[in-house]
Amino acid sequence: MTTRDDVTNLPEYRDNPFIAKLPPILSAREALRTMAAPPIFNENERCYAAHLRAHCVLRLKNYFEPLENHLQLEAKFGMLLRQGYLSRNPNTTDYIHRLQDGYERVVGKDLAVVRRPVRSTASSFALVGCSGIGKSYGMARVLELYPQVVHHAEPFSLDQVVWLKLDSPYKGSPKQLCISFFQEMDNLLGTRYRARYGASRSSLDEMMVQMAQIANLHALGVLIVDEIQHIKEAPGTGADALLNFLVTLVNTIGIPVIVIGTLGALPLLQGDFRQARRASGLGSLVWERLEEGATWNHFVDRMWSYQWTREVSPLTGEIRQALYEESQGIVDVLVNLFMMAQLRAIQLGVLRGRMERIDAGLLRRVAREHLRLIHPMIDALKRNDREAIAKYDDIRPLHDHIRQVFGDSLARLSDPPSTVALTPAISATEDDTRVNDDDGPILHVLEDLGLARDIAKILLAEVQAENQGLSALDLVAVISNRLRERGPETPTAKTRRPTARDKTAKAQGPSDKEDLRTIIAAGKKGGLTAYQALLGAGAIKPPMADLAR
């Protein structure tokens with residue numbers, strides 16, 4: 001076990017208070033054990049009621065199994081942090097010179113002011129990879145190994161901020177990055193930096209020199225900027241200004257910087273950010289999706305042991321193949337697919353009395369039903385189409401969709417079986433891939449657009465009948481276009497007298513007897529609701545018709 005004394009015995013780290021109070025450097029084995037976050041699991045929980053076991057499945061949302069790339073990230077972060085403090089030792093005059101230069105920058109409102117040049121030992125690196133590969137979560141697990149604030153009484157009384165993580169500002173605004181920095185410092189230290197330096201009347205130059213000086217005053221160890229791909233949308237020279245500022249922090253101020261982003265950020269980072277001093281010294285990390293092999297099998301083996309179904313499903317070669325094909329080696333997709341498959345197996349056990357088993361067929365059905373929103377991205381990965389992957393780089397975060405799916409499913413499992421039977425949980429046969437609960441998120445979106453739920457149901461049914469096989473996003477787009485083409489009703493249109501043409505058109509109505517509008521109109525004349533009319537005409541079927549058979 002590495003001790004703190006082992007670290008301070010290294011001559012370059014000796015007598016540096018900023019390094020002395022950091023945790024000891026971990027070996028690979030120690031980092032593996034410390035970073036792991038297995039879910040709480042007890043085999044006896046398989047005997048719990050279905051709705052309780054569904055909640056147990058949710059523990060996998062925070063499951064973390066360190067892999068080789070995570071150990072590499074932990075080691076690089078430790079080197080970057082400690083090396084950055086070498087030229088900022090408060091026991092030397094270098095630290096005083098940096099503070100004095102910072103003061104002159106503030107007075108002159110110019111980051112380029114350097115009166116007493118001090119060699120920077122700071123480095124930087126970028127961590128990029130496709131969405132869902134675990135970049136942000138892996139970084140978060142590394143940061144948890146270090147305290148964020150350390151108080152010093154000697155040789156100066158100050159609060160050392162070991163690390164600070166910010167999200168990249170929308171459209172690459174350097175000013176917004178500074179404001180976020182001030183706010184996060186206030187949250188950590190109880191200061192009022194945002195009120196003093198983050199006012200809208202302050203210029204960008206003023207904010208940037210103040211941010212650099214505050215980073216120096218509090219001996220900021222590492223600045224992490226996440227979601228750096230957002231600056232692709234920066235207007236004008238916004239992206240260049242932000243990246244140039246980050247480079248200045250490394251080269252001039254001596255603050256190490258880590259940027260995290262998707263593959264869409266690579267062209268940006270290969271340009272301006274590579275100019276940062278010693279940027280290639282530690283090397284940038286590009287995390288590709290996992291390939292089938294030893295690492296993939298290790299992760300799947302560990303994950304598969306956390307089953308809360310009544311019966312334990314063996315991990316077969318067919319299941320391994322299905323897991324990889326439907327996740328394409330993206331860890332976030334893999335874990336969420338496993339979670340949803342367990343939940344579906346538990347649902348089938350409650351509603352149909354089936355054995356709660358997970359097989360390849362169930363995994364593929366769950367992927368088709370609940371991962372439709374990311375299907376274009378998964379398909380692009382299957383074809384290894386780089387252009388298509390870049391197109392879907394900013395796809396809606398998977399966890400948002402998963403949260404919706406699990407929220408709906410948990411609500412159903414929390415009801416008694418008699419109540420559950422009245423909900424459209426599963427209205428298809430075992431071989432049918434469409435389920436009525438897939439329309440729930442679409443209806444929520446349509447309601448957010450201002451449609452009443454009954455109207456939204458009618459529109460959705462109409463578009464689905466006319467456009468077979470469309471994804472959820474495409475269905476919403478078609479409905480939105482129809483509403484846009486219809487346009488808003490004006491007061492004049494509401495109050496004008498109907499013309500003869502209007503009366504004729506209203507009297508005739510749709511001519512097609514199979515048109516849903518015709519069926520609904522005829523039903524209303526007979527005192528039926530829209531649902532009753534469509535049901536009586538055979539246009540739709542009762543939610544649990546197949547289950548009843």
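Anything mentioned here points back to the structure above.
Cut-offs and rules
Residues numbered from 1 in each chain as written. Predicted model: local features only at pLDDT ≥ 70, side-chain atom pairs only at ≥ 80, totals over all residues. Heavy atoms only, no water. Helix = DSSP H or I, 4+ residues; strand = E, 2+ residues; numbered from the N terminus. Buried < 20%, exposed > 50% of the residue type's maximum accessible area, 1.4 Å probe, protein only. Contact = heavy atoms within 4.5 Å. Areas by Shrake-Rupley, 256 points an atom, 1.4 Å probe, with all protein chains shown as cover. Pairing = 2+ DSSP bridges. Polar contact = N/O pair within 3.5 Å; in protein donor to acceptor, adjacent residues only side chain to side chain. Axes fitted to C-alpha atoms, helices over the stretch in contact; angles between N-to-C directions. Left-handed = near helix turned anticlockwise from the far one by under 90°. Phe/Tyr/Trp six-rings, centres within 6.5 Å; stacked < 30°, edge-to-face > 60°. Parallel < 35°, antiparallel > 145°, perpendicular 65-115°, else oblique. Lys, Arg positive; Asp, Glu negative; His and termini not counted. Salt bridge = Lys/Arg side-chain N within 4 Å of Asp/Glu carboxyl O. Core = buried A, V, L, I, M, F, W, Y, C linked by side-chain atoms within 4.5 Å.

Visitor: Please explain the overall build of the chain as it appears in this structure.
Guide: Scanning the chain for helices and strands turns up 28 helices and seven strands. A burial count over the chain gives 47% of its 549 residues as buried. Sequence separation of at least 24 residues holds for 75% of the intrachain contacts in the chain that already meet a minimum separation of 6. Of the roughly 27100 Å² of accessible surface on the chain, a fraction of 51% belongs to carbon and sulfur atoms.

Visitor: Can you help me understand the pairing of strand 3 (residues 158-161) in this one?
Guide: As defined by bridge partners, strand 2 (residues 149-152) adjoins strand 3 across four bridges and the pair is classed as antiparallel. By the bridge assignment, His-151 is partnered in strand 3 with Asp-159. Between strand 2 and strand 3, which pair antiparallel and follow one another directly, the connecting turn spans five residues.

Visitor: What's the story with helix 16 (residues 360-370) in this structure? I'm lost.
Guide: The α-helix winds at 3.6 residues per turn, so residues separated by three or four positions along the chain end up facing the same way. Counting buried residues along helix 16, eight of its 11 residues qualify, which places the element largely inside the surrounding structure. Among all positions of helix 16, only Ala-360, Leu-362, Leu-363, Arg-365, Val-366, Ala-367, Glu-369 and His-370 are buried. Two to three positions downstream of the cap, the backbone nitrogen of Gly-361 sits 3.3 Å from a side-chain oxygen, assigning the N-cap of helix 16 to Asp-359.

Visitor: Help me understand the packing of helix 8 (residues 174-189) against helix 10 (residues 204-217) in this model?
Guide: Packed helix pairs are specified by the crossing angle of their axes together with the interaxial distance, meaning the distance between the axes. The contact between helix 8 and helix 10 brings their axes to 9 Å, and the two run at 40 degrees. Here the hand of the crossing between helix 8 and helix 10 comes out left-handed. Side by side, helix 8 and helix 10 meet where Pro-174, Lys-175, Cys-178, Ile-179, Phe-181, Phe-182 and Met-185 of the first sit next to Leu-204, Met-207, Met-208, Gln-210, Met-211, Ile-214 and Ala-215 of the second.

Visitor: Is there a simple way to think about unusual backbone geometry in this case?
Guide: Note: most peptide bonds trans; most residues except glycine with negative phi. We note that Asp-15 has phi near 65 degrees; this positive angle belongs to a residue other than glycine. Here Asp-15 shows up in the loop between helix 1 (4-8) and helix 2 (17-20). Despite not being glycine, Glu-227 shows a phi value in the positive range, around 55 degrees. Within the secondary structure, Glu-227 sits in the loop between strand 5 (222-226) and helix 11 (238-253). Exposure remark for Glu-227: the relative accessible area of 27% places this residue in the partly exposed category.

Visitor: How should I be thinking about the packing of aromatic side chains in this particular structure?
Guide: Both the distance between ring centres and the angle between the ring planes are used here to describe each pair of aromatic rings. Tallied over the full model, the rule gives 12 aromatic pairs. Here the aromatic rings of Phe-41 and Tyr-306 are separated by 5.7 Å at their centres, their planes lie at 80 degrees, and the arrangement is edge-to-face. Taken together, the residues Phe-41 in the loop between helix 3 (28-35) and helix 4 (50-57) and Tyr-306 in the loop between helix 13 (294-304) and helix 14 (317-327) connect sequence positions 265 residues apart. Both rings, one in Phe-41 and one in Trp-308, keep their centres 5.1 Å apart while their planes meet at 75 degrees; by these two values the pair is edge-to-face. Residue Phe-41 is found in the loop between helix 3 and helix 4, and its partner Trp-308 is found in the loop between helix 13 and helix 14; the two are separated by 267 residues along the sequence. The exposure class assigned to Phe-41 is partly exposed, which follows from its relative accessible area of 27%. One aromatic cluster in this structure is built from Phe-41, Tyr-63, Phe-299, Tyr-306 and Trp-308.

Visitor: What is the right way to look at the packing of helix 13 against helix 15 (residues 331-352) in this model?
Guide: The interhelical angle for the contact between helix 13 and helix 15, taken along N-to-C directions, is 30 degrees, at an axis separation of 11 Å. One finds that helix 13 runs roughly parallel with respect to helix 15. As helix 13 packs across helix 15, the resulting crossing turns out to be right-handed. For the pair formed by helix 13 and helix 15, the contact residues are Trp-296, Phe-299, Val-300, Met-303 and Trp-304 on the first element and Val-331, Leu-334, Val-335 and Phe-338 on the second.

Visitor: Help me out: how do you make sense of the side chain of Arg-46 in this one?
Guide: Secondary-structure assignment places Arg-46 in the loop between helix 3 and helix 4. Salt bridges are absent for the buried Arg-46, whose nearest opposite-charge side chain, Glu-43, sits at 4.4 Å. Of note is the side chain of Arg-46, whose polar atom sits 2.9 Å from the backbone oxygen of Gln-307.

Visitor: Sorry, what's going on with the nonpolar core here?
Guide: Soluble globular proteins: nonpolar side chains tend toward being buried together. Of all hydrophobic cores here, the largest spans 78 residues; its most connected members are Phe-77, Ile-224 and Leu-323. The element that contributes the greatest number of residues to this core is helix 15, accounting for 12 residues. Other than its neighbours up to four places away in sequence, Ile-224 contacts Phe-77, Met-139, Leu-143, Trp-163, Leu-164, Lys-165, Leu-166, Ile-258 and Ile-260. The next biggest cluster of nonpolar side chains, apart from the first, holds 39 residues, and it includes Ala-126, Ala-212, Leu-242 and Ile-255.

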